[in-house]
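Notes for the structure review
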Amino acid sequence: MMEWTTLLLLLSAATPILFAALGEAVAERSGVLNLGVEGMMITGALAGFAAAHATGSPMVGFVAGALAGAALSLIFAVLTQYLLTNQVATGLALTMFGLGLTAMFGKPYEGVKAPSMPGGPLGINWVIWLGLILVPVIWLVLNRTRPGLILRGVGENHEAAHALGYKVRGVRMAAIAIGGALAGIGGAYVSIATVLQWTEGMTAGAGWIALAIVVFAGWSPWGVLAGAWLFGGVTVLQLRLQAAGVAVPVQLLSMAPYLATIIVLVIISARHKYAGGGGTAPGSLGRPFHALR
Amino acid sequence: MCERRNRLTYEKDNGDGVTTSELFRAEGLAKSYPGVRANDNVSFSVAPGEIHALLGENGAGKSTLVKMIYGLVRPDQGRMSLGGQPHAPADPRAARASGVGMVFQHFSLFDALTVAENIALGMDAPPPRADLSRRITEVSAAYGLPLNPARRVASLSAGERQRVEIVRCLLGNPRLLIMDEPTSVLTPQEAEILFATLRQLAAQGTAILYISHKLDEIRSHCDCATILRQGRVVGTVNPAQHSARELAAMMVGAEMRLVDRSGRQAGEVVLTAAGLTSAAGLEGTALKDVGFQVRAGEILGIGGVAGNGQEELIAALSGETTGRPGTVALDGRDLSAEGPEARRRAGLLAAPEDRLGHAAVPDMSLTENAILTGATRQGLQKHGVIDHRAARSFAEKIIAAFDVRTPGPGTAAGALSGGNLQKYVIGREILQEPRALVVNQPTWGVDAGAAAAIRQALLDLAGRGAAVVVISQDLDELLELSDRFAALNNGVLSAPVPTEGLTLEQVGLMLGGAHGMEVAHVAA
């Protein structure tokens, strides 16, 4: 059963990143670059943990995490879509805001234990299942439905989408909120299901890895899944190596998942480019849109 | 008011026994933006089956007018009616639902999506994918505009992209089809195919509202023309009964200056290019062994559809990309390894085509933009410090000499309209009295009056003994300006031939004909 537990650990380690990266992929496909993923994750982590602790129900925790992530993302959405602020600067500010906010409000929860997660089919909890199901669902919605087509159209050429009568701003507000909610769930998973307690800054850069994965995955949900599993796999591997007492500094081992993910994804995307295929960035990514009526 | 050329009578009984020969009517439309009255009391009407031209200079209000019809802009005043019903679309969706289709000047397509996806986005209730693909194939074949629904738009030529837009409109069975400068990116043969399609549509009763500033095109293909000047209608005429000069005079409000080609003599060879071979840019075409000579006082015209190496050619001549020794020489001096600044000092100047981004910095003032290319030749800096007074007076000189309409040299370049900025960037190079000047698309998107002024300035420059190379997609312009003509097709430059006696037909063939169009259709 050793293999099964390893697989479980891998799936579990990949889940926060999978959620956050799927959400960011949706936002970026609509043409919005939100660098605040880390801030939305940590907010989701605290809000989720607090709600789960107060009610004793992890389920309520995840809902709270999603709502908190979405709420934070709406700050970004209003600033960038209505007040036309720079998306990069606003995203960075959102991350700092989230980290600072949670550091302040998280104090009472330090050292508190999370309620235990119920298991699910095959011993895999239902949040992991939800993440796995979301991959084909998001792919299907983006590529095979009309709302998905409109979202991609808005991200590809917002001027043209506007000229055809689509509400560029509305589509983007919705995409940003979905991105925020998914990042919030990813963050809540870290505090409720992985670490089982709250510590300041506990998402530890997972939001940044999610951002990198989206780019190297060519904005495709399947690519995001591969990237998240890669990260999860190396995380489990380095934990095993630490446990086995290998004579490598712990810092290097802890660094390995981040490093390996980025190196592998860079190689993949470089080969895609060389072969002329692969994903290209949405045409209007990061550009502000302002309609004159 | 205007006589229909397409003699098919098309009168509809609207139910109460009254026949109507009017499909669309605008009455007293007005729209203002801060500081600009874009449309003022505009009234006109379009009959079913009529090809109706909207004619006017840049900024005359044509685009605003059609945007109101298509529901993108709401009029401040006035009424519209379509087929007898009031027409006040809240958004393009409502306009499409009531039977208005529009093909945009700058294609409103999504590069990364397929043809079918692009078309689905332009429909309000698209059928399932398989059905849609089948209908696209059917409709596109029926109108002689073959399209593969599964192709990505990024891989299509300009002509094919336009077909996507047209087919997208046709699938909605429009009663009124608006076309905003549709032929500006097409070869003459592609344009002929487009007109054949438009005639076919008109014969079926579709009214077409056709925006263009190509007067010959309007004279030979449109039944009626409404002429706009500064937001007002100045006349509705049958364009076939007026000369291009008369139409232009109505547009501009004054008699047009005819371009004067006299008084030039070709002298010694000034600019030599030989064996120019370059790597392709990101989306461009590699140059393949391009060579030519231009004499003092001579204008060489280089035609071709954009994307066939034009940008690479001007980069190689301006010094943006440097080449092997012996590829570019001015007055016998090898400049191949020199950058733009050294070439400017030697007298070889260039004005690239993309005025916002390549030729000018949008966020910088006109004065600062003048410094960017004029610093050395105009002595705009002293001991490495910018001489602002000199720069300002140079900018003012350009503004005065080229009639650039702007509050002053302190205005940001990006705040100027396209035509005005184009006059400024061309004027900036011409006033530096270059030994040789290379321009790309000198009058793209510029109205008739300004275009004539730019062309005259280029001719005058050649008349003063400079060698001029004009790269353009506008074949009429090249035939009007140049002494010799060469075609740039897929990175290969044809041997230059004298322009004298060259017909548009022959030029079209030199350009490689109707890129990817159905030969059978052209013959038919």
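None of the values given here were measured: they were computed from a predicted structure.

**Here we look at the sheet that holds strand β17 (residues 333-334) of chain B**
All names here are of chain B. Taken in spatial order, the 4 strands of this open sheet run β14-β13-β16-β17, and their pairing is antiparallel. Sheet topology places β14 (290-295) and β17 at the edges, where each strand pairs with a single neighbour. Looking at chain direction, strand β13 (residues 269-276) and β14 are connected through 5 bridges and run antiparallel. Bridge assignment links Leu276 to a residue of β14, and that residue is Val290.

**Re a nonpolar patch on the surface**
Residues and elements named next belong to chain A. Together, Leu237, Leu241, Val246, Val248, Leu252, Met255, Leu259, Ile263 and Ile267 give the surface a local cluster of nonpolar side chains, amounting to about 740 Å² of exposed area. Only α10 (221-243) and α11 (250-275) provide two or more residues apiece to the nonpolar patch. Secondary-structure assignment places Leu241 in helix α10. The partly exposed category is assigned to Leu241, whose relative accessible area is 31%.

**What about the sheet that holds strand β5 (residues 51-56) of chain B?**
Residues and elements named next belong to chain B. Spatially, the 6 strands line up as an open sheet ordered β8-β9-β10-β5-β11-β12, and their pairing is mixed. A strand with exactly one partner marks an edge of an open sheet, and here the two such strands are β8 (100-103) and β12 (232-237). Strand-to-strand twist across the sheet, computed as the mean angle between neighbouring axes with direction ignored, equals 20°. Where β5 lies against strand β10 (residues 207-211), 4 bridges are found, and the strand directions are parallel. Paired with Ala53 across the two strands is Tyr210, which belongs to β10. In the packing of helix α5 (residues 158-170) onto the sheet, the strands contacted are β8 and β9 (176-180), and the crossing angle to β8 comes to about 175°. The sheet strands contacting helix α6 (residues 188-203) are β5, β9 and β10, and the helix crosses β10 at an angle near 145°.

**Focus on the pairing of strand β18 (residues 348-351) of chain B**
Residue and element names in this part refer to chain B. Of the two faces of β18, the one carrying Leu348 and Ala350 and the one carrying Leu349 and Ala351 are both buried. The pairing of β18 with strand β21 (residues 436-440) spans 4 bridges and is parallel. Among the inter-strand pairings, Ala351 is bridged to a residue of β21, identified as Val439.

**Thoughts on helix α13 (residues 418-430) of chain B**
Residues and elements named next belong to chain B. Helix length check: α13, at 13 residues, gives a terminal C-alpha distance of 18 Å against a target of 18 Å (1.5 Å per residue), a fit within 8%. With 12 of 13 residues buried, α13 lies mostly within the body of the structure. Every buried residue belonging to α13 is among Gly419, Asn420, Leu421, Gln422, Lys423, Tyr424, Val425, Ile426, Gly427, Arg428, Glu429 and Ile430, and all of these are buried. Where α13 is buried, its residues touch β18, α11 (366-374), α12 (388-401), β21 and α14 (448-463).

**Re unusual backbone geometry**
In this model, A:Leu196 sits at a positive phi of 65°, which is unusual for a non-glycine residue. Among the secondary structure elements, A:Leu196 is positioned in the loop between α8 (168-194) and α9 (206-216). At B:Asn41, a position not held by glycine, the phi torsion is positive, near 50°. For B:Asn41, the position within the fold is in strand β4 (residues 36-46).

**Re the interface of chain B and chain A**
Contact residues are listed per partner, giving 28 residues for chain B and 19 residues for chain A. Summed over both partners, the interface of chain B with chain A buries about 1900 Å², with 55% contributed by carbon and sulfur atoms. When the buried area of chain B at its contact with chain A is split by residue, B:Leu72, B:Phe110 and B:Leu121 rank highest and sum to 29% of it. Applying the counting rule to chain B against chain A returns 1 salt bridge. Residues B:Glu117 and A:Arg152 are paired through a salt bridge, measuring 2.8 Å at the closest nitrogen-oxygen approach. Between the two partners, chain B and chain A, sit 8 residue pairs in polar contact (both at pLDDT 80 or more). Breaking the side of chain B that touches chain A down by element, the ones donating at least two residues are β3 (24-33), α2 (92-97) and α3 (115-121) of chain B. A breakdown of the residues in the side of chain B that touches chain A according to their chemical character gives 15 nonpolar, 3 polar and 10 charged.

**Some words on the pattern of salt bridges**
Per the counting criterion, the structure on display carries 21 salt bridges over all chains. Between B:Lys31 and B:Asp76 there is a salt bridge, with its nearest N and O atoms 3.6 Å apart. In this pair, B:Lys31 sits in strand β3 while B:Asp76 sits in the loop between α1 (62-69) and β6 (77-82), placing the two residues 45 residues apart along the sequence. Taking the relative accessible area as the measure of exposure, B:Lys31 reaches 7% and is therefore buried. Notably, a salt bridge pairs B:Arg428 with B:Glu429, separated by 3.1 Å at the nearest N-O pair. Pair check on accessibility: B:Arg428 and B:Glu429 agree, each one buried. Salt bridges here are not isolated pairs; linked through shared partners, they connect A:Lys107, A:Glu110 and A:Glu200.

**Focus on the UniProt feature "transmembrane region" (unreviewed entry) in chain A**
What UniProt calls "transmembrane region" (unreviewed entry) maps, in this numbering, to residues 59-79, 88-106, 126-142, 174-196, 208-231 and 243-268 of chain A. Here residues 59-79 of chain A runs as 100% helix and 0% strand, with 31 Å between its end C-alpha atoms.

About the cut-offs
- Residues numbered from 1 in each chain as written.
- Chains lettered and ligands numbered in written order.
- Predicted model: local features only at pLDDT ≥ 70, side-chain atom pairs only at ≥ 80, totals over all residues.
- Heavy atoms only, no water.
- Pairing = 2+ DSSP bridges.
- Helix = DSSP H or I, 4+ residues; strand = E, 2+ residues; numbered from the N terminus.
- Patch = residues over 30% accessible without salt bridge, like charges linked within 9 Å, V, L, I, M, F, W, Y side chains within 5 Å.
- Areas by Shrake-Rupley, 256 points an atom, 1.4 Å probe, with all protein chains shown as cover.
- Salt bridge = Lys/Arg side-chain N within 4 Å of Asp/Glu carboxyl O.
- Buried < 20%, exposed > 50% of the residue type's maximum accessible area, 1.4 Å probe, protein only.
- Axes fitted to C-alpha atoms, helices over the stretch in contact; angles between N-to-C directions.
- Contact = heavy atoms within 4.5 Å.
- Expected span 1.5 Å × (residues − 1).
- Buried area = accessible area lost by both parts, 1.4 Å probe.
- Polar contact = N/O pair within 3.5 Å; in protein donor to acceptor, adjacent residues only side chain to side chain.
- Nonpolar A, V, L, I, M, F, W, Y, C, P; charged D, E, K, R; others polar.
- UniProt positions renumbered as here; feature names shortened; annotations may be inferred.

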